[in-house]
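# Chains, contacts and geometry: an overview
Listed below are the residues making up each chain.
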Amino acid sequence: MRKIRLEEKENIKCSNKVILLDKPCYTFFSLKENGDFLPFVKKGDYVYQEEKIAFKKGDHFPIFSSISGVVESVDVDRIIIHNDFKNRVREHNIVEYSLNKYTKAEISDTLFHLGVVNGGRNEKEPYEILSKAIIHKTLIINALQQEAYVYLQTFLLKIERKELLELIEAFIEIYNFEEVLIIIPKNQELLLEEWKTCIKDTRIKMIELEEYYALSNTKELVRAVKRTTFKNDPIEKGIIIFNVSTMLAIYGALKYRRPQIKTMIQFTGNMWKNNCYMEVRIGTSLQEAMAQLSFKRAKEVLLLEGGIVDGKIIVMEDYIVDAKTLVLTAWKVTKEVKQESCIRCGKCIKACPMNLHPVLIMEAISKKKNLNRFGLERCIDCGLCNYVCPSNIDIYKKLKEAKEKSR
C-alpha cells in the first residue's frame with residue numbers, strides 16, 4: 001500500500017452556504033456499485049424524472065432517474081442519461097401524506113418501493129432495518145461528526161429540524177419507541193440549546209458526547225450511549241440507528257411518496273477555496289460537481305469519499321455521486337513516505353480505541369503464534385494504528401491478515 005503524508009491545516013471550517021447543482025448534462029447510474037442490478041431501460045428510451053430505470057437481482061430493489069431525458073447508453077456496468085433540462089415527471093401533483101397514518105408494514109413497503117437507501121456505505125437499507133426488528137425500544141439519531149472537518153450531520157440537524165421532529169413523533173406513535181436519542185457532539189452548544197427547547201415534555205432526549213474516532217463504529221456507539229452490546233446487529237436489543245441524512249431520506253419518501261433524486265453532500269479538506277455543502281442530483285459526475293467549486297489545482301491531491309482517516313480513495317474522472325455519498329474530501333499530499341522497521345514505540349497500542357496490542361499481534365503473525373488470545377474480534381477496522389505509526393507500517397493490513405488466520 002502506498003503511504004503518504006498530508007499537509008497539515010487545523011483550522012478548516014465549512015460555509016453554511018448550500019450550492020445547488022440542479023442541471024447536470026448527464027447522469028450516470030452504476031449497476032454494480034451497491035449490488036447487482038439489471039437495467040429496466042434500453043438505449044434511445046425516453047425516461048421521466050423519478051422513473052424506475054433499474055432493479056436489483058433477486059429482490060427487485062429499484063433505482064430511479066433523477067432527471068428526464070434520453071438514455072444515451074446501457075451496458076452491464078451502468079446507465080447514462082442525457083439531460084433534456086425539462087424535469088418532466090409523469091405525476092405532476094405533489095401530495096403531502098400524514099406520517100402518523102402509516103402502519104409499520106406500509107412504511108417498510110414504501111421505503112422499499114421508492115428505493116430509499118442508508119446514507120453511508122456498508123449499512124443495511126432502512127426498510128430492512130425497520131422490518132427485521134422484532135421489538136422497537138430505542139431510536140438513535142446519530143449526528144456525530146465521526147471524523148475531523150466533517151460537519152454534514154450537525155448541519156442537517158440544524159436546518160431540517162421541523163421535518164425531523166415530524167418524522168420522530170410519527171415513529172414514536174407507530175413503533176411505540178420507549179425513547180428517541182439524538183446524539184450531538186458536545187462542542188455544538190448552540191445546536192444543543194436549540195433542540196432542547198423543541199423537545200420538552202417528549203420522549204426525545206439529547207445525548208451530548210465528547211467525540212472520539214471509535215464512535216464511528218456502531219458497537220462502540222451503542223456501548224457509549226446505552227451501556228450495552230450486541231452480537232451482530234443492534235436490532236437484537238431493539239435499537240434502531242440512523243444518521244440525519246437517512247432520516248431525511250425516509251421523511252421525503254413517506255411525506256410525498258416520491259423517490260429521492262437529490263442528496264446533500266459536504267466538500268471538505270484543504271484543496272477547496274471554500275468548503276461548502278452542495279445539493280446534487282443523484283448520478284451527477286464528480287467532475288461536473290467540482291466545476292461548480294473553486295478547486296486549488298496541485299500536482300499531488302488526494303481525493304476521498306469520506307474523511308481523511310477512513311475515507312476511500314477515488315478518481316475524479318470516474319466518481320459518480322449516489323444517494324450514499326455524504327462527504328468528499330480533497331487534501332494536499334506533501335510527500336510519499338517509506339515504510340521502516342517497527343521501533344516498538346507503543347503508539348499503536350495507545351491509539352487503539354478497543355485496547356488491542358497491534359505491535360504484539362504483528363509479532364505473533366511473524367512467529368506463527370496463536371492469535372486467538374489477542375481479542376481480534378474487538379477490532380473495528382478504524383485504521384488509527386496506521387495513522388499514528390511513525391515507521392509508516394501498514395499495521396491495518398497485518399491486523400486484517402491476523403483476523404483471517406484466527407477464524
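A brief report on the enclosed structure follows. Residue indices follow the written sequence of each chain, beginning from 1 at its first position. pLDDT decides what is reported in this predicted model: residues at 70 or higher carry local features, side-chain atom pairs at 80 or more are listed and counted, and totals for whole chains, interfaces and linings draw on all residues regardless. Side-chain numbers come from the whole structure's heavy atoms, not from hydrogens or water.

By salt bridge we mean one thing: a side-chain nitrogen of Lys or Arg within 4 Å of a carboxyl oxygen of Asp or Glu. For the coordinates displayed, the defined rule picks out 20 salt bridges. Across the salt bridge formed by Asp-36 and Lys-32, the nearest N and O atoms sit 2.8 Å from each other. Since its relative accessible area comes to 40%, Lys-32 is described here as partly exposed. Between Lys-124 and Asp-233 there is a salt bridge, with the nearest N and O atoms lying 2.9 Å from each other. Within this pair, whereas Lys-124 is found in the loop between helix 1 (104–113) and helix 2 (126–132), its partner Asp-233 is found in the loop between helix 6 (218–226) and strand 13 (239–243), the two being separated by 109 residues in sequence. Whether a residue is buried, partly exposed or exposed follows from its accessible area with a 1.4 Å probe, protein chains only, as a fraction of its type maximum: under 20%, in between, or over 50%, in that order. A residue is classified by how much of its surface remains accessible, and Lys-124, at 35% relative accessible area, is partly exposed. Sharing partners across several salt bridges, the network here consists of Asp-22, Lys-262 and Arg-281. Working definition: helices are DSSP H or I runs of at least four residues, strands are E runs of at least two. Numbering for both runs from the N terminus.

Once that is clear, we can look at the state of the cysteines. In what follows, a disulfide is any cysteine sulfur pair within 2.5 Å. Across all of its chains, the model carries zero disulfides by this definition. The closest cysteine sulfur to the non-disulfide-bonded Cys-345 is located on Cys-389, 6.4 Å from its own sulfur. The buried category is assigned to Cys-389, whose relative accessible area is 13%.

Interaxial angle, 0 to 180 degrees, is taken between N-to-C directions of lines fitted to C-alpha atoms, where a helix line uses only the stretch in contact. Their axes nearest at 8 Å, the elements helix 3 (residues 152–159) and helix 7 (residues 244–256) cross at an angle of 45 degrees. Classified by the angle their axes make, helix 3 and helix 7 are oblique. Every residue of helix 7 that contacts helix 3 at Leu-152, Gln-153, Leu-156 and Leu-157 is listed here: Val-244, Ser-245 and Leu-248. For the contact of helix 3 with helix 7, a count of residues per class yields five nonpolar, two polar and no charged. Put simply, angles under 35 degrees are roughly parallel, angles over 145 are roughly antiparallel, angles from 65 to 115 are roughly perpendicular, and the rest are oblique. In this analysis, two residues are considered to be in contact whenever any of their non-hydrogen atoms come within 4.5 Å of each other. Each residue gets one of three labels, nonpolar for Ala, Val, Leu, Ile, Met, Phe, Trp, Tyr, Cys and Pro, charged for Asp, Glu, Lys and Arg, and polar for the others, Gly among them.

Here three strands make up an open sheet; going across it, the order is 4-6-7 and the pairing antiparallel. Edge positions in the sheet fall to strand 4 (37–39) and strand 7 (62–64), since each of these pairs with one other strand and no more. Within the sheet, the average angular offset between the axes of one strand and its neighbour, ignoring direction, is 30 degrees. DSSP-based pairing: two strands are paired if at least 2 bridges between them are found. One ladder, built from three bridges, connects strand 4 with strand 6 (residues 52–56); its direction is antiparallel. For Phe-37, the partnering residue across the bridge sits in strand 6 and is Lys-56.

This brings us to the sheet that holds strand 8 (residues 69–74). Backbone hydrogen bonds are what pair the strands of a sheet, in a parallel or an antiparallel way. The four strands are arranged 3-9-8-5 in an open sheet whose pairing can be described as antiparallel. Pairing within the sheet leaves two strands with one partner each, and these edge strands are strand 3 (26–30) and strand 5 (46–47). Note that strand 8 and strand 9 (residues 78–83) share five bridges and pair antiparallel. Within the sheet, the bridge partner assigned to Val-71 lies in strand 9 and is Ile-81.

What follows covers unusual backbone geometry. At Asn-176, a residue that is not glycine, the phi angle is positive and equals roughly 55 degrees. Mapped onto the elements of the fold, Asn-176 is located in the loop between helix 4 (161–175) and strand 11 (179–185). If you check the backbone angles, Arg-344 has positive phi at about 55 degrees while not being a glycine. Under the relative-accessibility criterion, Arg-344 is labelled exposed at 53%.

Every buried residue belonging to helix 10 (residues 358–366) is among Pro-358, Val-359, Ile-361, Met-362, Ala-364 and Ile-365, and all of these are buried. Residues of helix 10 that are buried make contact with helix 9 (347–351), helix 11 (384–388) and helix 12 (395–406).

Next up on the list: the environment of His-82. You can see His-82 is positioned in strand 9. Classification of His-82 as partly exposed rests on a relative accessible area of 33%. A C-alpha to C-alpha distance of 8.1 Å links His-82 and Ser-68, two positions 14 residues apart in sequence. In this structure, His-82 is in contact with Cys-25, Tyr-26, Ile-67, Ser-68, Gly-69, Val-70 and Glu-72, ignoring residues within four places of it in sequence.

Another point: the side chain of Glu-147. In this structure, Glu-147 sits in the loop between strand 10 (138–142) and helix 3. Here a polar contact is recorded for every N or O atom pair within 3.5 Å, except that within protein the pair must consist of a potential hydrogen donor and a potential acceptor, and residues adjacent in sequence are included only if both atoms are side-chain atoms. Looking at Glu-147, its side chain comes within polar contact range of the main-chain nitrogen of Ile-308, at 3.0 Å. Setting aside residues up to four positions removed in sequence, Glu-147 forms contacts with Tyr-213, Gly-307, Ile-308, Val-309, Asp-310 and Gly-311.

Attention now moves to the environment of Trp-331. Among the secondary structure elements, Trp-331 is positioned in strand 18 (residues 327–336). With 64 residues separating them in the primary sequence, Trp-331 and Phe-267 have C-alpha atoms 11 Å apart.

This part covers the pairing of strand 13. With five of five residues buried, strand 13 is to be regarded as a mostly interior element. Pairing analysis gives five bridges linking strand 10 to strand 13, with the strands arranged parallel. When the bridges of strand 13 are listed, Ile-141 appears paired with Phe-242.

For Glu-189, the position within the fold is in helix 5 (residues 189–198). With 19 residues separating them in the primary sequence, Glu-189 and Glu-208 have C-alpha atoms 9.4 Å apart.

Keep in mind that these numbers describe shape and distance, not what the molecule does.
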